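# Per-entry structural report
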Amino acid sequence: MSLLILLLGGICLGLMTSLNGRLASYLNIFEISFIVHIIGAIILLGYIWWKKDKKLCLTGAPIYVYFVGFFGVTLVATSSICAGNIGATLTMALSVTGQLISSAVIDHFGFFHVPRHSFSWKRIPAYLIIVAGLLLMINS
Amino acid sequence: MLIFIGIAVFNGIINIINKMINLQAKLKLGTANGTLINYLEGTVISLLIMLFMGTSKLTDLSYLRTIPALYFFGGLFGSLSMVLILIGMAKNQISYSTIIVLIGQLGAGLLIDSIVTQKIVPVKIIGIVLVIIGVVIDKYLSRKSMKKMIA
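### Observations concerning unusual backbone geometry
For Q118 of chain B, which is not glycine, the phi dihedral falls at a positive 60°. Inspection of the secondary structure assignment puts Q118 of chain B in the loop between α5 (94–117) and α6 (122–150).

### Overview of the nonpolar core
If you look at the biggest cluster of nonpolar residues, it comprises 76 residues, and the most contacted ones within it are C12, L15, I32 and A93 of chain A together with L106 and V131 of chain B. Counting only domains with at least three residues in this core, you end up with domain 1 (1–67) and domain 2 (93–151) of chain B.

### Focus on the interface of chain A and chain B
Residue-level contacts link 93 residues of chain A with 94 residues of chain B. Counting only elements with at least two residues in the side of chain A that touches chain B, the list comes to α1 (2–23), α2 (29–50), α3 (68–86), α4 (88–109) and α5 (124–139) of chain A. Broken down by element, the side of chain A that touches chain B gets its largest block of residues, 20 residues, from α1 of chain A. Taken together, the residues of the side of chain A that touches chain B sort by class into 58 nonpolar, 30 polar and five charged.

### Let's talk about α1 of chain A
With 22 residues, α1 of chain A extends 31 Å between its outermost C-alpha atoms, agreeing within 8% with the 32 Å of an ideal straight helix rising 1.5 Å per residue. Across the 22 residues that make up α1 of chain A, a large majority, 17, are buried.

### Some words on the domain arrangement of chain B
Taken domain by domain, chain B comprises domain 1 (1–67) and domain 2 (93–151). Here domain 1 of chain B and domain 2 of chain B have C-alpha centroids that lie 24 Å from each other.

### Some words on α3 of chain A
All names here are of chain A. Compared with the 27 Å implied by 1.5 Å per residue over 19 residues, the 27 Å span of α3 between its first and last C-alpha is a close match. The buried fraction of α3 is high, at 17 of 19 residues. Directly after α3, the chain includes G87, whose backbone phi takes a positive value near 95°.

What counts as what
- Residues numbered from 1 in each chain as written.
- Chains lettered and ligands numbered in written order.
- Predicted model: local features only at pLDDT ≥ 70, side-chain atom pairs only at ≥ 80, totals over all residues.
- Helix = DSSP H or I, 4+ residues; strand = E, 2+ residues; numbered from the N terminus.
- Core = buried A, V, L, I, M, F, W, Y, C linked by C-beta atoms within 7 Å.
- Buried ≥ 20, exposed ≤ 12 C-beta atoms within 10 Å, placed from the backbone.
- Domains from an automatic or database assignment.
- Contact = placed C-beta atoms within 7 Å.
- Nonpolar A, V, L, I, M, F, W, Y, C, P; charged D, E, K, R; others polar.
- Expected span 1.5 Å × (residues − 1).

Here it is in structure tokens:
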């Protein structure tokens, strides 16, 4: 059951990127970002209000946490503009590659206080398979 | 096309930094409040940029009516995915969860792309399968070396 929930979560994520990409033909990326974020904020505020045990509290986190919105806007804006131009599937596949690379760098150097985990060259064949898949998608 | 390929990879890099900061927010404020900060700030920043840019099409109702209603559901699906992934991840290992989410994500993307372009490209499907296989192998190898390090 929980696997199905995860699969549905992934499908919804894919639908979001695809639909935002379509919307990019009509609205600019910041208008799309505004729609995405305000819907999310309303749903979360509703959830906090509905779950009586959860209280609204936005203070007390490290200062850099309060810059997270810039990243959120950048994420929605860049994925929308890319999905509108090169398609949602390729956008998501390239984004996953970017995530793998940055995770490996963060692990290797121990950024963001994560435990250091040196990069293993044994992972290169996996990256080569991903690159081969991306090249096929780009040229299709 | 090359510029969009670069931007999409950059999107992935930003995604991980965003996740790291969100994790800190969730640790300090709880999942709901930590995520809410992201959405509230995103709303305010987007609104400020829109105001700075001048007129917005969002105030033009007759223009908005020309856009297919379904296209506005992206934000709703995004919020739904956030909730579903949080529930699903609580019951599964993270690396395992990531792969399942990726399959759903790329599958849905392929479906929409095929509907929009009115064609199914087999080479593209092979490409998606290769990307998923690569991610599965990478997750397996990184877990194995992590276990070795702990041992």
